[in-house]
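Below are the chains, spelled out letter by letter.
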Amino acid sequence: MKLIQLTLAVALFATTQMTSAASLISVKEAALPPAAGTLATRGISRGPAIKLASPEADTPVVAPFDFKVTFEPRGDAKIDPSSVKVVYMKSPFVDLTPRLKSAISANGIDFAKAEVPPGNHTIRVTVKDSEGRETNSVLNLVVNK
């Protein structure tokens, strides 16, 4: 009986350790070719602001890291969390939204211990507010080994 309890305890510990970090981008996805063309974004927008809070933009990090994005509404508008879309800019595009669903709120994205392979990664975040105004922002992640 004690052997079974010990085995279960070890299995539970191992499972907990393995799930402590979550995959944001897989090695296979990172190997895809970059998206063709350029992403056109407007310079002036009354839509919500999108800011990369962590890691700092274009600053090399080592995975796993906390991936945090903040949303800032304009005026009296509210952020619509159901409108958030996160796309890895590869060919074909990789929709990261389902992986981040539980981390998305009206305040932004708070995804702890993101596993991302080494390299430069371009991610587009789109969000709308309660007045239907949409903002797209391109975030660049630099991940070292």
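Because the structure is predicted, anything quoted here is derived from the model rather than measured.

(A) Quick look at the overall build of the chain. Along the backbone of the chain there are three helices and 10 strands. By sequence separation, contacts in the chain at least 24 residues apart represent 70% of the contacts at least 6 residues apart. With an accessible surface of roughly 8900 Å², the chain has 58% of that area assigned to carbon and sulfur atoms.

(B) Main features of the nonpolar core. Grouped together as the largest cluster of nonpolar side chains are 28 residues, with contacts concentrated most on Leu 24, Phe 67, Phe 71, Leu 96, Leu 100 and Ile 109. Elements with a minimum of two residues in this core: strand 2 (49–54), strand 4 (65–72), strand 5 (79–88), strand 8 (108–115), strand 9 (119–129) and strand 10 (134–144). If we ignore the near neighbours within four places in the chain, the residues touching Phe 67 are Leu 24, Leu 52, Ser 54, Leu 100, Ile 109, Asp 110, Phe 111, Ala 114, Leu 139 and Leu 141.

(C) Just the side chain of Lys 90, in detail. Topologically, Lys 90 is positioned in the loop between strand 5 and strand 6 (94–95). The side chain of Lys 90 is buried and forms no salt bridge, while Glu 29, the nearest opposite charge, is found at 9.9 Å. Excluding residues within four positions of it along the chain, Lys 90 makes contact with Glu 29, Ala 30, Leu 32, Pro 33, Pro 34 and Ala 35.

(D) Quick peek at the pairing of strand 4. As paired strands, strand 2 and strand 4 are joined by five bridges and run antiparallel to one another. The residue bridging Ser 54 from the neighbouring strand is Lys 68, located in strand 4. In this sheet, strand 8 lies alongside strand 4 in antiparallel orientation, the contact comprising five bridges. Bridged to Lys 68 within strand 8 is Asp 110.

(E) Local environment of the pattern of salt bridges. What the rule picks out here adds up to five salt bridges. For the salt bridge of Lys 51 with Glu 72, the shortest nitrogen-to-oxygen distance reads 3.3 Å. Of the two residues, Lys 51 sits in strand 2 while Glu 72 sits in strand 4, which places them 21 residues apart along the sequence. We classify Lys 51 as partly exposed; its relative accessible area is 42%. Note that Lys 85 is salt-bridged to Asp 95, the shortest N-O span being 3.3 Å. Of the two residues, Lys 85 is situated in strand 5 and Asp 95 in strand 6; the sequence distance between them amounts to 10 residues. A residue is classified by how much of its surface remains accessible, and Lys 85, at 38% relative accessible area, is partly exposed. Classification of Asp 95 as partly exposed rests on a relative accessible area of 34%. Here the residues in one salt-bridge network are Asp 129, Glu 131 and Arg 133, joined through shared partners.

Calculation rules
Residues numbered from 1 in each chain as written. Predicted model: local features only at pLDDT ≥ 70, side-chain atom pairs only at ≥ 80, totals over all residues. Heavy atoms only, no water. Helix = DSSP H or I, 4+ residues; strand = E, 2+ residues; numbered from the N terminus. Contact = heavy atoms within 4.5 Å. Areas by Shrake-Rupley, 256 points an atom, 1.4 Å probe, with all protein chains shown as cover. Core = buried A, V, L, I, M, F, W, Y, C linked by side-chain atoms within 4.5 Å. Buried < 20%, exposed > 50% of the residue type's maximum accessible area, 1.4 Å probe, protein only. Lys, Arg positive; Asp, Glu negative; His and termini not counted. Salt bridge = Lys/Arg side-chain N within 4 Å of Asp/Glu carboxyl O. Pairing = 2+ DSSP bridges.

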